[in-house]
Amino acid sequence: MLRIGLRAARGFRAEDVPAGAVGPARRTFLKGACACAGLAFLPRNAAAEIGDAPVPAPARPVHDVLDAAAREVEAAMIAWRRDIHANPELGNQEHRTAALVARHLRGLGYEVREGVAHTGIVALLKGGGGPGPVVALRADMDALPVTEEVDLPFASKVRTEWGGQQVGVMHACGHDCHVAILMAAAQVLAAHRARLPGTVKLLFQPAEEGVPRDGVSGAQLMVEEGALRDPKPDMVLALHVMSALPVGSIGYRPGPTLAASDRFTLRVTGRQTHGAMPWNGVDPIVIGAAIVTALQTVVSRETDIVRSPAVLTVGVFRGGVRNNIIPQQAEMEGTLRTFDEAQRQRIRRRVGEIAESIAAGMNGKAEVTWGKHGYPSVRNDAGLTARSAQTLARLVGDRAVRVDPVMASEDFSYFSREVPGFYYLVGITPPGTDPANAAPNHSPRFTVDEAELMTGLRATLHLVADVTGMA
């Protein structure tokens, strides 16, 4: 659920990536369409800003074995992705997708639990390679209420109801890619379970994009329903495809990576009167305008954005039904993005204080209501990230890029605040397309070069092999 404008990742050329990093050199890919709310990570360009590049982890024979197995399952992975793309489902409605995944995993010998957080799946594969960690791998399954505008033989034609409206449905955030990659990884790991120390736990998650009326996100509900118990993972890994990076490149960072996200509603009550005689009433629109203006100072004058950035936006302002009536009420909606929990709570408090005091000073009333299910910040575990960065550097060389934190949000944070987490980004923009001009995630024209599926699959397999010591 990444809701920001695109900032292009520059300085990459997918054609420079070794063929082995993305699959056979002569493979022809049909471009597909996915999307994910405008992921906008900008790689740092100066070495002085990011410190020394990670030393690539040493290559071992098992990596060649896993790469060969990945090539064997690639055609099936692409077919799964196209099937899921053509049949998208919104949050908590992923019945067909979940059935496809569960059937596949049971056929591979996984222990499968269905119906977690409505339509989610938790699956276990116990390795035969001796003691080792429990590694959780997560893929989100839900699509978006977006009408697809990409001309593909497997483009979505699905329409459904969302928030009381008829809408088109599209995998405009790339979750079809995530599911297909994890299904393929599950197949490769099952085929080589004798080599695998420890246990792999798969989390196929519903409703990452949220549900109407401030419902509970899929990750939060999965945690509440025990997805991280019996056994508890030692770590959780997840990838996300993004249009701001070209195929063959991977972005990551330690620590704060994605912002916490909080939604609020601000209701101002005045006293209705004729628009020609405002002195007989109290104008909630004027009060609301004053509040919106004053709220800008919370970040610009009260927040040390050098230490920790924040964004406070009012995106909706409703009030009145006629040009000559001053209404009784006006209502605003907005979003708060932060990386620091203390800062998050302080700004929430200040929004209420400012709104209430301004309204009272203008003879009105203001009430601020915060959503119950905001997303915490995604914070990558420093040690796990350092180790994973070495794996990615071996995989794609200097196309493994440390990126800046952004104000996008993601409910993977509910998993990663329970156990150490690593969340990374896989480029999807095809060669010849400037990422700055590529349709962003959540766009109806979001396009995926399916070469990225192999990059994502190999990254998943290599990370599992390295953190478990798979031989």
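Read on for a plain summary of the structure. Everything numeric here is computed off the predicted structure, so don't read it as measured data.

Another point: the packing of helix α7 (residues 284–300) against helix α8 (residues 341–361). Running from amino to carboxyl end, α7 crosses α8 at an angle of 145°, the nearest separation of the two axes being 9 Å. The crossing of α7 and α8 is right-handed. From α7, Ile 287, Ala 290, Ile 291, Ala 294, Leu 295 and Val 298 reach across to α8, where they touch Ile 347, Arg 350, Val 351, Ile 354, Ala 355, Ile 358 and Ala 359. A per-class count over the contact of α7 with α8 returns twelve nonpolar, no polar and one charged.

The subject of this paragraph is the side chain of Thr 303. With respect to the helices, strands and loops of the structure, Thr 303 is situated in the loop between α7 and β12 (310–319). The exposure class assigned to Thr 303 is buried, which follows from its relative accessible area of 10%. Engagement of the side chain of Thr 303 in a polar contact is seen with the side chain of Arg 346, the distance being 2.8 Å. When residues no more than four places from it in sequence are discounted, the contact partners of Thr 303 are Val 298, Ser 308, Ala 310, Gln 343, Arg 346 and Ile 347.

A word on the nonpolar core. Judged by nonpolar contacts, the single largest core of 72 residues is most densely connected at Leu 105, Tyr 110, Leu 137, Leu 202, Phe 204, Tyr 424 and Leu 457. In terms of residue count, helix α5 (residues 175–191) provides more of this core than any other element does, twelve residues in total. If we ignore the near neighbours within four places in the chain, the residues touching Leu 202 are Leu 105, Tyr 110, Ile 121, Val 122, Ala 123, Leu 137, Leu 182 and Ala 186. Counting 28 residues, the second largest nonpolar core, distinct from the first, contains Val 122, Ala 238, Leu 245 and Tyr 423.

Our focus in this paragraph is unusual backbone geometry. Each neighbour pair has its own omega, and for Asp 230 with Pro 231 the value is 0°, a cis peptide bond. Structurally, the position occupied by Pro 231 is in the loop between α6 (218–224) and β7 (235–246). If you check the backbone angles, His 118 has positive phi at about 80° while not being a glycine. Summarising the element assignment, His 118 is placed in the loop between β1 (111–116) and β2 (120–126). Along the polypeptide, Asp 230 turns up in the loop between α6 and β7.

Definitions and limits used
- Residues numbered from 1 in each chain as written.
- Predicted model: local features only at pLDDT ≥ 70, side-chain atom pairs only at ≥ 80, totals over all residues.
- Heavy atoms only, no water.
- Axes fitted to C-alpha atoms, helices over the stretch in contact; angles between N-to-C directions.
- Helix = DSSP H or I, 4+ residues; strand = E, 2+ residues; numbered from the N terminus.
- Left-handed = near helix turned anticlockwise from the far one by under 90°.
- Contact = heavy atoms within 4.5 Å.
- Nonpolar A, V, L, I, M, F, W, Y, C, P; charged D, E, K, R; others polar.
- Buried < 20%, exposed > 50% of the residue type's maximum accessible area, 1.4 Å probe, protein only.
- Polar contact = N/O pair within 3.5 Å; in protein donor to acceptor, adjacent residues only side chain to side chain.
- Core = buried A, V, L, I, M, F, W, Y, C linked by side-chain atoms within 4.5 Å.

None of the figures reported here should be taken as evidence of function without further support.
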